[in-house]
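What follows is the residue order along each chain.
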Amino acid sequence: MDVLKLLSRGTKKAPSQKCVDAKPAAKQPNPQLYNDPTRGVKRKRNEGQPLPDPAANDADEDVDFFAPRENQKQKGKKTQAVTHNAGEKAPAPIPAPALDDEEVRQILRSHRLKFTLVSSHDEPKAKVKKSKKKEKKEAVKPKAKDNKTPLYPQPLNSFSDLRSIYNISSRLNENLAKQGYRIPTEVQLGSLPLLLDSRAALRTSCAENVDLKDQEGIDFLAIAPTGSGKTLAFLIPTINKILRMRAESPEQKQHVLEAIVIAPTRELAHQIANEGKKLAQGTGVKIVGMKKGMRIPVEDQEGETTSEGESSEEEGDSASEDDEENDAEKNTGPVTKADILVTTPMLLLNLLTRGSKRRTLPTVKSLILDEADVLLDPLFRDQTIGIWNLCTNEALRLSCWSATMDSSAESLISEQLKPRKTAPLVRLVVGLKDTAVPSVRHKLVFTGTEQGKLFALRQLLHPNSAGNSAPEMKLPFLVFTQTIERATALHSELKFDVPIQAGGSARIATLHSALSEPQRSAVVSKFRAGEIWVLITTDLLMRGIDFRGVNGVINYDIPATTAAYVHRVGRTGRAGHEGGVAVTFYTKEDVPHLKSIANVIALSDKQAGKHGEGEGEGVPKWLMDALPKVGKNEKQKLKKHGGAESRIGNKTKITSKSAWERRKDHNRREAIAGSKRRKLEGADGDEVRPAGAAATDESEWGGLDD
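Residues numbered from 1 in each chain as written. Predicted model: local features only at pLDDT ≥ 70, side-chain atom pairs only at ≥ 80, totals over all residues. Heavy atoms only, no water.

The name recorded for the protein chain in an unreviewed UniProt entry is ATP-dependent RNA helicase ROK1, from Diatrype stigma. The Subunit (unreviewed entry) comment attached to the protein chain in UniProt states, word for word, "Interacts with the U3 snoRNA and is associated with the 90S and 40S pre-ribosomes." One UniProt comment on the protein chain, placed under Catalytic activity (unreviewed entry), says "ATP + H2O = ADP + phosphate + H(+)". (UniProt positions renumbered as here; feature names shortened; annotations may be inferred.)

(A) Summary view of the sheet that holds strand β14 (residues 477–480). Within the open sheet, the six strands sit side by side as β13-β18-β17-β14-β16-β15. Their pairing is parallel. Looking at strand neighbours, the two that pair on one side only are β13 (440–448) and β15 (508–511), the edges of this open sheet. Averaged over all adjacent pairs, the angle separating strand axes in this sheet is 20 degrees, with direction ignored. As paired elements, strand β17 (residues 552–555) and strand β18 (residues 580–587) share four bridges and run parallel to each other. In the strand pairing of β18, I554 is matched with V583. Helix-sheet contacts for helix α19 (residues 450–461) involve β13, β14, β16 (534–537), β17 and β18, and the interaxial angle to β18 is about 160 degrees. (Pairing = 2+ DSSP bridges. Helix = DSSP H or I, 4+ residues; strand = E, 2+ residues; numbered from the N terminus. Axes fitted to C-alpha atoms, helices over the stretch in contact; angles between N-to-C directions. Contact = heavy atoms within 4.5 Å.)

(B) The arrangement of the pairing of β13 in detail. Most of β13 is tucked away: seven of the nine residues are buried. Note: β13 against β18, eight bridges, orientation parallel. Residue pairing in the sheet places F446 in a bridge with Y586 of β18. (Buried < 20%, exposed > 50% of the residue type's maximum accessible area, 1.4 Å probe, protein only.)

(C) Representation of the nonpolar core. Residues F115, F220 and I239 are the most contacted members of the largest nonpolar core, which totals 89 residues. With eight residues, the single largest contributor to this core is helix α11 (residues 230–248). Residue contacts for F115: discarding those within four places in its chain leaves L108, T149, P150, L151, P153, G190, L194, F220, V426, R427 and L428. Within the second largest apolar cluster, 41 residues are counted, among which are M290, L376, L412 and L425. (Core = buried A, V, L, I, M, F, W, Y, C linked by side-chain atoms within 4.5 Å.)

(D) Highlighting the sheet that holds strand β10 (residues 366–370). The strand order β2-β1-β12-β3-β11-β10-β4-β8-β5 describes an open sheet built from nine strands, whose pairing is mixed. One side of each edge strand has no neighbouring strand; the edge strands of this open sheet are β2 (149–151) and β5 (287–289). Between one strand axis and the next, the sheet turns through 20 degrees on average, direction left out of account. As judged from the five bridges shared by strand β3 (residues 219–223) and strand β12 (residues 425–430), these two strands associate in the parallel manner. Within β12, the position partnered with A222 by the bridge is L428. Across the sheet, helix α9 (residues 186–196) touches β1 (113–119), β3, β11 (397–402) and β12, and the angle it forms with β12 is around 165 degrees.

See the structure below:
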């Protein structure tokens, strides 16, 4: 008998049948885009030595395998009793001690978070008269750089800290746990502490730079990559704030409009409302997505409380025919009471400014602008600021969220906040501004002509026949075009490319603003369910829409701006998922406008730690050197008129037919139209031509053109 085997038999636990048959648990993907613990850490002499592992102390403890079993049982009973008693008492959670400045700065650097105090809205100082000589000297001096105060608020390490440190609602905490939220993304890690409890987040020495006074909360501006969880970052504080107010005043049981979320598109507004309903389940907070014909309680400027949708006789006289039709629709339903309203800017502003009276929203205390850069763009600026001015509550707090933000939008926000003298404005930037998601692989494909684009796209649809130049891309994916006409033409070309055995033309669909709202909702639902594999769309879907199963994005037409490229590409690689591919087709006409997009790709690859290892990936150095710089006039033309093909007009079309075939079809259509005209003229009897008389109409069709 082997004595060694006999002695070591008790040290090894035999695996149970359940453990053998059970499948290994899938690792939860880390949603964080940036996490480098060594970033910004000073090197020390003992850097090469391994760090002490706290779990190693328990593993190195001497275990007496030959101890009597009774002692082991008693030890186990003691531990169980302790945990059981602790569970019964359930002591109140003790807030974790605040991290010191050095630890906070290290965590923020490792996640590439940068906080800045943009403005404190203090009372302006009295102007001191200066002599003309001093004014001239100051005018000659070059402008100094923006020396704004940096901030280092406490970060959020885990979603479990929301309950223990920031005391959020228990039901809200349960809803977060049910949906599987464990690790916060960068924007959630930095913004949630500030928005939930700004005083607790700024409890270190950096709080001296921010004077919160007696005001609740701050005005916030967040610039974070697409798919980084911005929707969750502003919904959690908004819902928790309403629950806290109800806890302080239990007598208030009715729904009062406390917050408004503005989104540029209906699809994004519906998505935000659905996500909010999941978080608010069982809390009593009512989140409503605004629709046509909805009536909401508002207040006239004279102070009378009315329900929006009710029109007086004076309003009816001054309203247009369209307004009267809308009034008929709005008067049919009851008044909708909500705590959080999600809407598009035009839909809400039309209700507030319809007729001769202007209505205000005095109960709104939170105004949230999702995709704030486009809401403050000239396309939506008047509508957004109009709603902002009608929110008359003195305690109104503003939060703006987007993946891209230019300096003009930031200055506009600061100017609008100055007259209100509200709380300080804090800005958060995650990573580098105006860069794409680091988890996405970028590729530029030169197609030469318009027909080359169609051929390259068919190669991606049929990867078996593709050459080495085509990137590997799995279905489903999005295809972006510049105009509605081009999206429709591309759909008509590709709808028969999928074989009938695989679903046929139902697998390819198009989505644009010319479709009705039910049609658009049906297409989005089918694409989410996986029934549609290829979705051809315009820039309608480039912002905010969360399609987690999208494996790739194809820019069939070159984006008009760098911001459009960032948002288009952000439809894939969301929440840190790897494998997303972004392909951009470009022709000879697009080369002058490619420099700005190539710079975005180069910065994104550099931020992700890529240096062009993959063959054909990113932007080669020779291409970057060869691309011409884009002038201001060309940028304005591209932004105004779209891609190069849309500026050319009817010279290039999305079709697989040759120019000779298109000319022949055109002549055939003209022949049929001319024959119909001649029949109509003969039937009217206005001009009866003698038999054998030749037609003298110069505009008449002249026959086939070979």
